[in-house]
Amino acid sequence: MGLDLSERAYRGQRWAARASLAAAGLAVLVPLAYGGVGGVLLLVAGVVGLGIGMVAVWWTLTLRGPLRWVAGMVALSVPAAVIALFAATLFWALLASVALWTVAVWSGRYALRGTGSPRVRVMRGRKAAPPRRAVLIMNPRSGGGKVDRFGLKEKAERLGAEVVLLDPDEHQDVTALARKAVSDGADLLGVAGGDGTQALVAAVAAAYDIPFLVISAGTRNHFAMDLGLDREDPAACLDALVDGVELRVDLGFASGRPFVNNASFGAYAAIVQSPGYRDDKIGTSLELLPDLLTRQQGPLLTVRAAGTTLEAPHAVLVSNNPYRTDDPFGLGRRDRLDAAVLGVLGIRVDSAAEAAALLLDPAPPGLSILTATEVIVDADLEEIEAGIDGEALVLPTPVHIRITSGALRVRVPRKRPGVPQRGPRLDWRRLRKLAATVGRTAVHRQGHWEPPREAPRLTPPL
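Right, let's walk through the structure included here. (Residues numbered from 1 in each chain as written. Predicted model: local features only at pLDDT ≥ 70, side-chain atom pairs only at ≥ 80, totals over all residues. Heavy atoms only, no water.)

The helix and strand inventory of the protein stands at 13 helices and 22 strands. Counting over 462 residues, the protein shows a buried share of 46%. Taking contacts inside the protein between residues at least 6 apart in sequence as the whole, the part at least 24 apart equals 73%. A total accessible area of about 24000 Å² is found for the protein, and carbon and sulfur atoms account for 59% of it. (Helix = DSSP H or I, 4+ residues; strand = E, 2+ residues; numbered from the N terminus. Buried < 20%, exposed > 50% of the residue type's maximum accessible area, 1.4 Å probe, protein only. Contact = heavy atoms within 4.5 Å. Areas by Shrake-Rupley, 256 points an atom, 1.4 Å probe, with all protein chains shown as cover.)

Turning our attention to the nonpolar core. In this structure, Leu136 and Leu189 are the most contacted members of the largest nonpolar core, which totals 53 residues. Broken down by element, this core gets its largest block of residues, 7 residues, from helix α8 (residues 195–208). If we skip the residues at most four places from it in the chain, Leu189 touches Val135, Ala178, Ala181, Val182, Val201, Val204, Ala205, Ile210, Pro211, Phe212 and Leu213. Core analysis: the second largest hydrophobic core is formed by 24 residues, Ala263, Val316, Ala372 and Ala379 among them. (Core = buried A, V, L, I, M, F, W, Y, C linked by side-chain atoms within 4.5 Å.)

Another aspect to go through is the sheet that holds strand β13 (residues 315–320). Read across the sheet, 6 strands follow the order β15-β14-β13-β10-β17-β18 without closing on themselves; strand pairing throughout is antiparallel. Unpaired on one side and paired on the other, β15 (367–372) and β18 (391–396) mark the two borders of the sheet. Neighbour to neighbour, the strand axes of the sheet diverge by 20 degrees on average, direction disregarded. Relative to β18, strand β17 (residues 383–388) runs antiparallel, the two being bridged by 6 bridges. Bridging across to β18, Ile384 finds its partner in Leu395. (Pairing = 2+ DSSP bridges. Axes fitted to C-alpha atoms, helices over the stretch in contact; angles between N-to-C directions.)

Taken as a whole, this structure holds 18 salt bridges when the rule is applied. Across the pair Glu246 and Arg126 runs a salt bridge whose closest N-O atoms are separated by 3.1 Å. With Glu246 in strand β8 (residues 244–254) and Arg126 in strand β3 (residues 126–127), the pair connects residues that are 120 residues apart, well separated along the chain. A salt bridge links Arg409 to Asp209, with the shortest nitrogen-to-oxygen separation between them at 3.8 Å. Pair noted here: Arg409 is in strand β19 (residues 399–413) and Asp209 is in the loop between α8 and β7 (212–215), with a separation of 200 residues, a long-range link. (Salt bridge = Lys/Arg side-chain N within 4 Å of Asp/Glu carboxyl O.)

Moving on to the pairing of β19. Burial runs high along β19: 11 of the 15 residues are buried. Of the pairings in the sheet, the one linking β7 to β19 comprises 2 bridges and is parallel in character. Bridged to Phe212 within β19 is Val410. Pairing between strand β16 (residues 374–379) and β19: 4 bridges, direction antiparallel. Bridge pairing in β19 places Val377 opposite Val399.

Looking at the element boundaries, Asp250 is found in strand β8. Nearest to the buried, unbridged Asp250 among oppositely charged side chains is Arg336, at 7.4 Å. Here the side chain of Asp250 touches Gly406 through a polar contact of 2.8 Å, landing on its backbone nitrogen. Each residue touching Asp250, except ones within four places of it in the same chain, is listed here: Asn320, Asn321, Leu337, Asp338, Ala339, Ala340, Val341, Ile403, Thr404, Ser405, Gly406 and Ala407. (Lys, Arg positive; Asp, Glu negative; His and termini not counted. Polar contact = N/O pair within 3.5 Å; in protein donor to acceptor, adjacent residues only side chain to side chain.)

A separate point is helix α4 (residues 92–113). Spanning 22 residues, α4 covers 32 Å between terminal C-alpha atoms, matching the ideal 32 Å at 1.5 Å per step. Residues Ala93, Ser97, Ala104, Ser107, Gly108, Arg109, Ala111, Leu112 and Arg113 constitute the buried set of α4. (Expected span 1.5 Å × (residues − 1).)

Printed below as a string of C-alpha cells:
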C-alpha cells in the first residue's frame, strides 16, 4: 500500500537527493581539482595500497617465523604510508572530501527513507498474563558477574519467580534442570546467562510449549539484542514477569543441538576447540591458522543449501535467520527472528589474490551468502568441530541443520528499546530520478520511490 507524502515532506526529500548527488560529486572533484594529475595517481595508489595490505595480511596468517613478522610489518606499514601520503599531499582537500562524502551518504539515505519510516523496530506480540510459577536459571559468573551486580536474583524473587543459581565450581546439566522445573509445575522458564545456555533452556521451553524469558546477563547477548531487549540493564528484562508480551520466534537445530544465534564450522570452530584459546585467543589463532588456511589440517567441508553446493570453504556460519551483510553499521545483527529461514555465510580464500579480492571486489568469488530452510554440512572426516552459540562441540558428519518456524514463545517486557533498523541502501539511480522530479507528490512503496505520474486528461463528452 502506498504512502502519499505531503508537499513539504516530498520537497525535503527531493532537495536531500540533490544535496546527496552534489556532495558525492564534490567529494570526488575536490581532491582531484586540488591535486590535479597527482590526485588521480594518489587514488590509484590508495587502491593498490589496500590490495597490498590484504595480501600482506594473508601472508601474516599463513606463514610462520621471520617471514610472518615481515608480512605483518608490511600489513601495518603500507596502509599507514598511504594515509600519510594522502594527508601530506592533499591537506584540507582530504578532510573536505571525507566530510562531503558523509553528507552525501546521510542526505541520500534521508531522501530514500522518506517520512514515517521507523528508526527502531519493535516486534509486535500478544499480551500475556503473568506466569503462575516462573523458574529462572541464573549463572552468577556470566557476563563478569552481572547476576550479582544488577541484583537479578533479588528482583526476580520480589516479582514472584523461583531462582535456580548454578554452582560456579560444578558442572550442571541445565537441560535437566529445566526439565525438572517443568515437571514440578513451571509455566515459564528463563535464563540469565550466555547464549549457549539460553539455547539449551529455550529448547526445553519450546518442547513443552511454555514461554521463555531472556535475561541479558551474558557477555555479548546477541539473542537479547535481536529481540530488542535492553542489554545495558539486564534487570529491565525481568519486567516481562508482570508487564510482558509474547513473541513467536524461530529456533535452529544442528543435528539436534539447539541454537538461538548460529552454528559455525571450519577454521574458527577448530580454533575454539584448542585448550589454550580462552587464555590466549590471538596467540592460539596465529599458531593454528597457517595449517588450517593452507589445508594441512582440518576437515575438507562440503556445504549443500538451497540447491547450491559450496566446495571446500574455509569457514561456514549458519544462523537462525540471516545476518545483515549490506550495512557496515549493522553487522552482527538480524532484522528478524521469525522469517523461518537460515542464513548461510561461506568463505573460501586459497591465495593472496583472493584475500585482496575480499576487500576490493564488490562480489568476491570466495564469499557466498545464501538463505535456506535446511543446510547439510559434510566433510572428509567422521567428526568435525563446531561452535554452537559460542560453545565448542564435536559433531558426527554429515551435520543436518534445520530451522523450526515459530517454535519458541519468548516473553519480553512491553516497554523495551527495540531493534535499530538499517537505513535504505544508497541507490544513485533512484536518487537521480528523485532529484530530477518536479511533480507535487511521490509514492513510497516498501522503501521504493516512484516519480509521480502525469494526471490523465479527461475528455469532455461530446
